Amino acid sequence: MMKIKLLLYVLLFVFTVYSCAKQNEAISIRYQNFDTEWKFYYGDLTDASAIAMDDSRWKPLDLPHDWSVEFPFTKEKGSIATGQTVGGTGWYRKKFILQPVQEGKILQLYFEGAYMETEVWLNGRKVDEHPYGYTSFFCDITPYCNPAGKENIIAVKVSNEGKNSRWYSGSGIYRHVWLVTTDRLHLDTWGVFITTPSVREEKATICVAADVINETNKTESAELFIQIKDRSNILVNEQIVQLTELKAGERFAVIRDFELAKPLLWSVDSPVLYTAVVSIKTENQIRDEIVTSFGIRSISFDAGKGFLLNGKSLKLKGGCVHHDNGLLGAASIDRAEWKKAELLKANGFNAVRCAHNPPAEKFLEACDQLGLLVIDEAFDQWQKMKNPEDYHRFFDDRHEKDLTSMVCRDRNHPSVIMWSIGNEIQERADSSGVEIAKKLKAIIRQYDATRPVTAAINEFWDNPPLKWKDSERAFSSLDVCGYNYMWREYENDLQLFPDRIIYGSESTAMERVVNWDLVEKHPSVIGDFIWTAIDYLGESGIGHALDVKNGDPEPPMFLDWPWFNAWCGDIDICGNKKPQSLLRDVLWNGSKITMAVQKPLPESYHAEISYWGWPEEYPEWNWKGNENKPLQVNVYTRYPIVRLYLNGLLTDEKPVSKYSATFSVNYFPGELRAVGVESGKEMENVILRTTGAPVKIRLTPDRLRINNSRNDLSYIRIELVDEEGQTVPDADCQVRISVSGQGEIAASGNASATDMESFRSLTPKTFRGKALAIIRPIGKQGRITFKATAEELPETSVEIKIQ
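Everything quoted here is computed from the prediction, not taken from an experiment. (Residues numbered from 1 in each chain as written. Predicted model: local features only at pLDDT ≥ 70, side-chain atom pairs only at ≥ 80, totals over all residues. Heavy atoms only, no water.)

Caption draft 1: Seen up close, the overall build of the chain. When helices and strands are tallied, the chain shows nine helices and 47 strands. For the chain, the spread of C-alpha atoms along the principal axes amounts to about 100 × 65 × 65 Å. Within the chain, the proportion of its 803 residues that are buried is 58%. Long-range pairs, those at least 24 residues apart, make up 71% of the contacts in the chain between residues at least 6 apart in sequence. Only carbon and sulfur atoms are counted for the fraction: they give 50% of the accessible area of the chain, which is about 33700 Å². (Helix = DSSP H or I, 4+ residues; strand = E, 2+ residues; numbered from the N terminus. Buried < 20%, exposed > 50% of the residue type's maximum accessible area, 1.4 Å probe, protein only. Contact = heavy atoms within 4.5 Å. Areas by Shrake-Rupley, 256 points an atom, 1.4 Å probe, with all protein chains shown as cover.)

Have a look at this one:
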């Protein structure tokens, strides 16, 4: 008898394990990464979608992929807007076989982003097309797939033709692709929406909404399990909802509230995340499951109190960013998106405006986990064009679908605090634009009523008959008002519209003092967003500072060959702080005192600095050839007085005006020290020292251990250093780099806006003593050895472990 019982227990255990395994298999197959084993052809082919197409000579690659950054810069075909790169048309092909567990399921391809006009074909038949290069989209491939076990061939055509962008867009399938497999009784992938309508320190209410869809051919009954888990994955609340008599073809919305005692609130300083697990079960079988991260937080906007996060006032220390990843181009590798968010956070930003399109999903995930607030922006144009082939051609037919994509995809991110419907829209104050704004706001309200709607409104240089007073029409549908470079109108408008909430949606480094003073002065001016936080490709030379011979004409706003970088960021494309950030650090109280030395001008020359530029100054005391000649030294601080010492001797003491004090100092090598003085007492100081000659190359990876994933990277800073380990800024040279082991050099170069030869080169030249290499695993565990050498400098190496 005991043996029979034991056998029954064993059989029950085996059945339970098998049943759980089958459930886990069904769940895990919902999202299948589709990035690997693609083939690529640059150019257009009439038969590229055909099953019989011979693609044996096509280039094998993994996604994400940006072909524009892979080709050399071209003066003939490139442009200032796109950073001297080319677009064109490309084809991608991939073979795949469905597994038996996918038989009878709903199958979708999910594209996170492809630039620009995309056509999807499967087994020689056209499935769908998507013309907007920045929104994510699904393609239902269920009726086009072959049975399980038989090969399928997907072909994707991506066209980036003509003039369609004002900045570097990149080309191709530059974000991830997924195969999504669901049961025919399933959850809507973007139909789970989590809000926190009541947030207090002692208790919070969490509202979970989920759309259940029955695409079987019969009436179904099921249970919907909703679980709330904390950051340690511990269950803190759950509910079970009975779903009875769901008819075939029916969509059913479930909404349930949960109360949570003493919640851990999400904030910029403590970005705590919870998880909601929503599952459909029938007879103990999980039919579908979606896991969603969310934060418990409240946001509000008030003209008298400003922006409140969890009931506490917070000024937005913001920066605008484009979507590219510097040396990687537009390729949206996960670690690159995280790195971008890390740089912003490390440099004092607490908010980012995604200009001028929805960002990568991984960027938002990083913002959630690091504590960065986000303005999520949809469009750079509506019906009126900015370029002949831009999105205006598709706006009327596609705006609702694309705006819905942005909102439904991103609405569970606690980092997202505003939806922007446009940037510098030409028709913003026309009758047509006013109506469009109302429609766009109404679309957003269908899917999210918890966040305000905004837009970036500029002066009417693009519509000369109109004056700033006409902007009232552009602001009429907005909950929060973005002003591009219009700080001069803040106080006038606040007199006229005392309930208006304002932020600087774009501002320049040269005007950051007056902008931030207004932010600090007025509660209803809630923040300021610098154009830009990080340098980007395209809009070449918009942030230039040039030495111009007296009598020569002024340079244009944008600069042509060999400029390819905008050069207006607080951070360069290699992640280094630029001099313009030194004043920002003081304004935002990140530093007490900073200092930079202005580059001396040649005789008979003057400096021409663009509106988005910054004087050519550096936090350096290496000025060989200028011995005993006066140099301009700029000290930035909130202290009322600054003293300047050279080699231990006091050279001068000056009062501070508008956070800066300017000195003229005859150059001698050694140590330059600026000290803040308050109430007669010397406080914090900043020191610049003359370096020696470079004696070696220093390699500094941002991480010595990375994951065995094509979506991980190690950023290795390359520096020329002297005997004391100081970076040498004035002895740049070419560096030869190489890699061995289980990795590859994904990109390398320097931060210069004009050094095309070093961009993505294996022999980059340093720029002010620095260069960068980005290392990517090839998909095997082990080690990567990175080496660098230069003429008259010994070889240096560093090892990265792949785990």
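On we go.
Caption draft 2: Up close: the packing of aromatic side chains. As enumerated under the stated definition, the model contains 38 aromatic pairs in all. Seen in terms of ring centroids, Phe379 and Phe395 are 5.6 Å apart; in terms of plane orientation they differ by 80°. Their pairing is edge-to-face. Linking Phe379 in the loop between strand S24 (373-377) and helix H4 (395-410) with Phe395 in helix H4, this pair joins segments that are 16 residues apart in sequence. For the residue pair Phe379 and Phe395, the accessibility class agrees, reading buried in each case. One aromatic cluster is present, built from ring pairs that chain together Tyr115, Tyr132, Tyr134, Phe379, Trp382, Tyr391 and Phe395. The side chain of Lys578 reaches across the aromatic face of Trp567, ending 3.8 Å from its centre. The positively charged end of Arg768 is found above the aromatic ring belonging to Tyr618, 3.5 Å away from the centroid. (Phe/Tyr/Trp six-rings, centres within 6.5 Å; stacked < 30°, edge-to-face > 60°. Lys NZ or Arg CZ within 6 Å of the ring centre and 35° of its normal.)

Caption draft 3: Region of interest: the sheet that holds strand S18 (residues 285-294). Spatial strand order, S15-S14-S17-S18: four strands in an open sheet with antiparallel pairing. The strands lining the two open edges of the sheet, one partner per strand, are strand S15 (235-246) and S18. Each adjacent strand pair in this sheet contributes to an overall mean axis angle of 15°, direction not counted. (Pairing = 2+ DSSP bridges. Axes fitted to C-alpha atoms, helices over the stretch in contact; angles between N-to-C directions.)

Caption draft 4: Molecular detail of the pattern of salt bridges. Tallied over the full model, the rule gives 54 salt bridges. Between Glu539 and Arg166 there is a salt bridge, with the nearest N and O atoms lying 3.7 Å from each other. Pair noted here: Glu539 is in the loop between strand S29 (525-530) and strand S30 (545-549) and Arg166 is in the loop between strand S9 (151-160) and strand S10 (177-182), with a separation of 373 residues, a long-range link. You can call Glu539 buried: its relative accessible area is 7%. Taking the relative accessible area as the measure of exposure, Arg166 reaches 23% and is therefore partly exposed. Arg251 is the salt-bridge partner of Asp188, the closest N and O atoms lying 2.9 Å from each other. Taken together, the residues span a long stretch of sequence, with Asp188 in the loop between strand S11 (185-187) and strand S12 (193-199) and Arg251 in strand S16 (residues 251-261) at a distance of 63 residues. Through salt bridges with shared partners, one network takes in Arg512, Asp570, Lys577, Arg584 and Asp585. (Salt bridge = Lys/Arg side-chain N within 4 Å of Asp/Glu carboxyl O.)

These values are about where atoms sit, not about what they do.
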